[in-house]
Amino acid sequence: MSKTVWMTAKGDRYHAREDCRALVSGQQGSDVQGYEVQPVEQISEDEARLRGRIACLTCGSPI
Ligand SMILES: [Zn+2]
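Reading guide: rules and limits
Residues numbered from 1 in each chain as written. Predicted model: local features only at pLDDT ≥ 70, side-chain atom pairs only at ≥ 80, totals over all residues. Helix = DSSP H or I, 4+ residues; strand = E, 2+ residues; numbered from the N terminus. Rg over C-alpha atoms; globule rule 2.2 N^0.38 Å. Buried ≥ 20, exposed ≤ 12 C-beta atoms within 10 Å, placed from the backbone. Contact = placed C-beta atoms within 7 Å. Core = buried A, V, L, I, M, F, W, Y, C linked by C-beta atoms within 7 Å. Expected span 1.5 Å × (residues − 1).

Peer 1: Is there a simple way to explain the overall build of the protein in this structure?
Peer 2: When helices and strands are counted, the protein shows 2 helices and 4 strands. Walking the protein from its N terminus toward its C terminus, one meets helices and strands in the order β-β-α-β-α-β. Relative to the compact-globule value of 11 Å for 63 residues, the protein shows a C-alpha radius of gyration of 11 Å, a close match. Viewed in the frame of its principal axes, the protein has a C-alpha envelope of about 35 × 20 × 15 Å. Classification of the 63 residues of the protein by burial places 19% in the buried group. Expressed as a percentage of contacts within the protein between residues at least 6 apart in sequence, the contacts between residues at least 24 apart total 68%.

As structure tokens, then:
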């Protein structure tokens, strides 16, 4: 059973924590810059890797 991770549609990272600082600040940055804020998607780590995402360095994702 793969663990659950979070990612946004446009990010290239997946996050081990939904409240990861990098994830949250990315969302706020989009808002400030006038971009559409991407919804956070909750998927399995396997699925995230299949989509070519890499683990976020801020929250880490121990294998
Ligand atoms: Zn993260």
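And the narrative resumes.
Peer 1: Can you walk me through the nonpolar core in this structure?
Peer 2: With 8 residues, the main nonpolar core is built from Val5, Trp6, Met7, Tyr14, Cys20, Leu23, Ala48 and Cys56. Of all the elements, strand E1 (residues 4-8) adds the most residues to this core, at 3 residues. Leaving out residues up to four positions away in the same chain, leucine 23 has contacts with Trp6, His15 and Val40.

Peer 1: Sorry if this is basic, but what is going on with helix H1 (residues 21-32) here?
Peer 2: One turn of an α-helix holds 3.6 residues; hence residues three or four places apart share an orientation. In this model, H1 (12 residues) spans 16 Å end to end at C-alpha, consistent with the 16 Å of a helix rising 1.5 Å per residue. Where H1 terminates, the next one or two residues include glycine 34, which has phi positive at roughly 85 degrees.

Peer 1: In this structure, what is going on with the environment of methionine 7? I would like to understand it.
Peer 2: Inspection of the secondary structure puts methionine 7 in strand E1. For the pair methionine 7 and glutamate 47, spaced 40 residues apart in the sequence, the C-alpha separation amounts to 11 Å. Sequence-distant contacts of methionine 7, defined by excluding residues within four places in its chain, comprise Arg13, Tyr14, His15, Glu41, Ile43, Ala48 and Arg53.

Peer 1: Is there a simple way to think about the environment of threonine 58 in this case?
Peer 2: You can see threonine 58 is positioned in the segment after strand E4 (54-55). Judged by local crowding, threonine 58 falls into the partly exposed class, with 15 C-beta atoms found within 10 Å. Taking C-alpha positions, threonine 58 is 18 Å from serine 44, a pair spaced 14 residues apart along the chain. Excluding anything up to four places from it in sequence, threonine 58 contacts Cys20, Arg21 and Ala22.

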